[in-house]
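Letter by letter, the chains look like this.
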2 protein chains.
Amino acid sequence: MLKGYFSEYKVFLAVDCIIFGFDDEDLKVLLIQRDFEPEKGKWSLMGGFLKKEETLDDAASRVLFKLTGMHNIYMEQLYSFSEVNRDPVDRTISTSYYAIVNIDKHNKELIKNYNAKWFSLSKIPDLIFDHNLIVDKAVRRLRRRTSINPIGFELLPEKFTMRQLQKLYEAILDKDIDKRNFINKINSMDILVKLKEKDMSSSTKGSYLYKFDQQKYDEKQGNNFYLKI
Amino acid sequence: MLKGYFSEYKVFLAVDCIIFGFDDEDLKVLLIQRDFEPEKGKWSLMGGFLKKEETLDDAASRVLFKLTGMHNIYMEQLYSFSEVNRDPVDRTISTSYYAIVNIDKHNKELIKNYNAKWFSLSKIPDLIFDHNLIVDKAVRRLRRRTSINPIGFELLPEKFTMRQLQKLYEAILDKDIDKRNFINKINSMDILVKLKEKDMSSSTKGSYLYKFDQQKYDEKQGNNFYLKI
DNA sequence: ACAAAAGTGTTTAATCTACACCCATGT
DNA sequence: ACATGGGTGTAGATTAAACACTTTTGT
């Protein structure tokens, strides 16, 4: 066993990316429509093969950049899927990554080129291979992660209202939250800065804008937050 | 992109297993001493290459069986490590699994054949490649998982005392726990059966033995436990 | 004046934490 | 009789959950 590598089996290794976004109402996933075989015309996660000189993280970043035009996207490795016949063309292992992007910041041209579209979680179509499974796992991970670590800020504009943040959490966790309890919890974390500005678009009264304070957040790291919302 | 697979790069895919055990005192990891190059003589995780007709789970089960002689070991996929030069011989991606075994039930002959040895967490030597990193990640995952889901029972004999269970938790979480609070918490989960038997080996008074009740546990699944110890 | 969303605190319930003494038995 | 580990309950603190009214301003 393990004496030499010569006789061992090699496989294709792909990364597939679950890209989450938020549009003030729904949590969404960015899917592409395949214009190549197999399963041409069907919806799928954006993916690509691992290349010789890159790590899986590199590959995921590359794939994400290709579709969104964005660098330094928040992402996390999710799981490696390896059913023998998951890909009908040839044995391919898929290491999945989930990513979180600001739905307003990505490059809309690229999206067109790839026939990509945002789908609300409740409206995700049948995907190729085991991609529905992968999405499910990503959603569950995102939910868990969100209740431990406030990572959702990538999904919002730089300045946002408490209401937007609350809607985001409601979308991610798929449940209603009491607004007073929510605000108290968020404030107790002490990682936001309240601005003097108001957003006047959603009401006559206007609502204060907040910014995520990266520095405060970093200082508190390690303390995990356990939002328990 | 993705047109054909022909031109794409293939890699070796290995599974490496972090095998946890518990000896009534310490949480331990089973390591093998390599009797082959590279890094002959150094300690390492037990691993093996993915084969043509098996999934990663299959491969991990196979590797675990090879070293312990046990089937149906509790295990969970951990993470895929992919640094380009992590393996000096040839590019190899490692998908790691952590496993939890009863330290008294595995086959001691096999362990000898592999020059394997149990190491307490605090005494893990320098391992080959990135294996120390992998072990760290496994320990962190085990700690988190243990506080959400009571999975530690695999580490104990079928019948065990509250004291043993508490020591196990203390070993996993690496902290002291108040015995009354611990018992209350465990009892509130209602997944153990208290037996009439006592274990007389640890004290003159003897202490009651308990059994894990798989059925009750299954009924409660989905409710996650959040031990918060 | 009213409609629509924003903002704000308190009370109750649940859970967590800290803590100390008696019990049973073998020697 | 005493040494050793086993067993048990409660009070105080913290955290979570439920809940309703006032403010602002454009129409």
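One can find the structure itself at the top, above this paragraph.
Residues numbered from 1 in each chain as written. Chains lettered and ligands numbered in written order. Predicted model: local features only at pLDDT ≥ 70, side-chain atom pairs only at ≥ 80, totals over all residues. Heavy atoms only, no water.

## Looking at the sheet that holds strand β10 (residues 207-212) of chain A
Two pairing modes exist for strands in a sheet, parallel and antiparallel, and in both the strands are linked by backbone hydrogen bonds.
All names here are of chain A.
Right, on to step 1. The 3 strands lie next to each other as β8-β10-β9, forming an open sheet whose pairing is antiparallel. Looking at strand neighbours, the two that pair on one side only are β8 (159-161) and β9 (192-199), the edges of this open sheet. Strand-to-strand twist across the sheet, computed as the mean angle between neighbouring axes with direction ignored, equals 45 degrees.
Right, on to step 2. Where β9 and β10 come together, 5 bridges link them in antiparallel fashion. When the sheet's bridge partners are listed, Val193 is paired in β10 with Lys211.
Right, on to step 3. Its contacts with the sheet put helix α4 (residues 162-173) on β8, β9 and β10, and the angle it makes with β8 is roughly 80 degrees. (Pairing = 2+ DSSP bridges. Helix = DSSP H or I, 4+ residues; strand = E, 2+ residues; numbered from the N terminus. Axes fitted to C-alpha atoms, helices over the stretch in contact; angles between N-to-C directions. Contact = heavy atoms within 4.5 Å.)

## Notes on the relation of the copies chain A and chain B
Right, on to step 1. The two copies are related by a screw motion: chain A maps onto chain B through a turn of 180 degrees and a shift of 0.0 Å along the axis, at an RMSD of 0.1 Å. Given the turn and translation reported, the copies of this chain are related as if by a two-fold rotation axis.
Right, on to step 2. A share of 100% of interface residues in chain A that are also interface residues in chain B marks the association as one of identical surfaces. (Least-squares fit on C-alpha atoms with pLDDT ≥ 70 in both.)

## A few points about the pairing of strand β4 (residues 46-49) of chain B
Residues and elements named next belong to chain B.
Right, on to step 1. Here β4 shows two buried faces, one formed by Met46 and Gly48 and the other by Gly47 and Phe49.
Right, on to step 2. Of the strand pairs in this sheet, strand β1 (residues 10-22) and β4 are connected by 4 bridges, and their pairing is antiparallel. Across the sheet, the residue bridging to Ala14 is Phe49, located in β4. (Buried < 20%, exposed > 50% of the residue type's maximum accessible area, 1.4 Å probe, protein only.)

## Considering the pairing of strand β6 (residues 92-100) of chain A
Residue and element names in this part refer to chain A.
Right, on to step 1. Burial runs high along β6: 9 of the 9 residues are buried.
Right, on to step 2. Side chains of β6 alternate between two faces, with Thr92, Ser94, Ser96, Tyr98 and Ile100 and Ile93, Thr95, Tyr97 and Ala99 buried alike.
Right, on to step 3. In this structure, strand β1 (residues 10-22) lies alongside β6, joined through 9 bridges in parallel fashion. Considered in β6, the bridge of Val15 is made with Thr95.
Right, on to step 4. Pairing of strand β5 (residues 74-81) with β6, which is carried by 7 bridges, proceeds in the antiparallel orientation.

## Notes on the protein's contact with DNA strand D
Right, on to step 1. If you check the shell around DNA strand D, you find 18 residues, and the closest are Asn181, Thr204 and Lys205 of chain A together with Arg180 and Tyr208 of chain B.
Right, on to step 2. Within 4 Å of the protein, the contacting atoms of DNA strand D are 37% sugar and phosphate, with bases supplying the remainder.
Right, on to step 3. One of the side-chain nitrogen or oxygen atoms of Asp178 of chain A is found 3.2 Å away from a base nitrogen of DNA strand D.
Right, on to step 4. One of the side-chain N or O atoms of Lys179 of chain B is found 3.0 Å from a base oxygen in DNA strand D.
Right, on to step 5. Only α5 (179-189) of chain A together with α5 (179-189) and β10 (207-212) of chain B provide two or more residues apiece to the surface near DNA strand D.
Right, on to step 6. Per element, the largest residue contribution to the surface near DNA strand D is 4 residues, and it comes from α5 of chain A.
Right, on to step 7. Looking at side-chain class alone, the surface near DNA strand D contains 1 nonpolar, 7 polar and 10 charged residues. (Near = heavy atom within 4 Å. Polar contact = N/O pair within 3.5 Å; in protein donor to acceptor, adjacent residues only side chain to side chain. Nonpolar A, V, L, I, M, F, W, Y, C, P; charged D, E, K, R; others polar.)

## Comments concerning the pattern of salt bridges
Right, on to step 1. As enumerated under the stated definition, the model contains 27 salt bridges over all chains in all.
Right, on to step 2. Across the salt bridge formed by Lys211 of chain A and Glu158 of chain A, the nearest N and O atoms sit 3.7 Å from each other. A residue pair is termed long-range when its members are at least 10 positions apart, and Lys211 of chain A in strand β10 and Glu158 of chain A in the loop between α3 (131-148) and β8 qualify at 53 residues.
Right, on to step 3. Accessibility expressed as a relative area gives 30% for Lys211 of chain A, which makes it partly exposed.
Right, on to step 4. In this structure Glu158 of chain A comes out as exposed when scored by relative accessible area, which is 53%.
Right, on to step 5. Close ionic contact of Arg62 of chain B with Glu54 of chain B constitutes a salt bridge, the shortest N to O distance being 2.5 Å. (Salt bridge = Lys/Arg side-chain N within 4 Å of Asp/Glu carboxyl O.)

## Notes on the interface of chain A and chain B
Right, on to step 1. Taken together, the 38 residues of chain A in the interface contact 38 residues of chain B.
Right, on to step 2. For the pair chain A and chain B, the summed buried area comes to about 3900 Å², and 63% of that belongs to carbon and sulfur atoms.
Right, on to step 3. Three residues, Tyr5, Tyr9 and Lys10 of chain A, lead the burial of chain A against chain B; their summed loss comes to 18% of the area buried on that side.
Right, on to step 4. Taken together, the connections running from chain A to chain B amount to 2 salt bridges.
Right, on to step 5. The salt bridge partner of Lys51 of chain A is Glu8 of chain B, with a shortest N-O separation of 3.7 Å.
Right, on to step 6. For the pair chain A and chain B, the number of links is 14 residue pairs in polar contact (both at pLDDT 80 or more). (Buried area = accessible area lost by both parts, 1.4 Å probe.)

## Here we look at the sheet that holds strand β9 (residues 192-199) of chain B
All names here are of chain B.
Right, on to step 1. Read from one edge of the open sheet, 3 strands run β8-β10-β9, paired in antiparallel fashion. Across the chains shown, the open sheet's two edge strands, defined by having one partner strand only, are β8 (159-161) and β9. For this sheet the average axis-to-axis angle between neighbouring strands, irrespective of direction, equals 45 degrees.
Right, on to step 2. The pairing of β8 with β10 spans 3 bridges and is classified as antiparallel. Residue pairing for β10: Lys159 is matched across the bridge by Lys211.
Right, on to step 3. Relative to β8, helix α4 (residues 162-173) is tilted by about 80 degrees, and along the sheet it contacts β8, β9 and β10.

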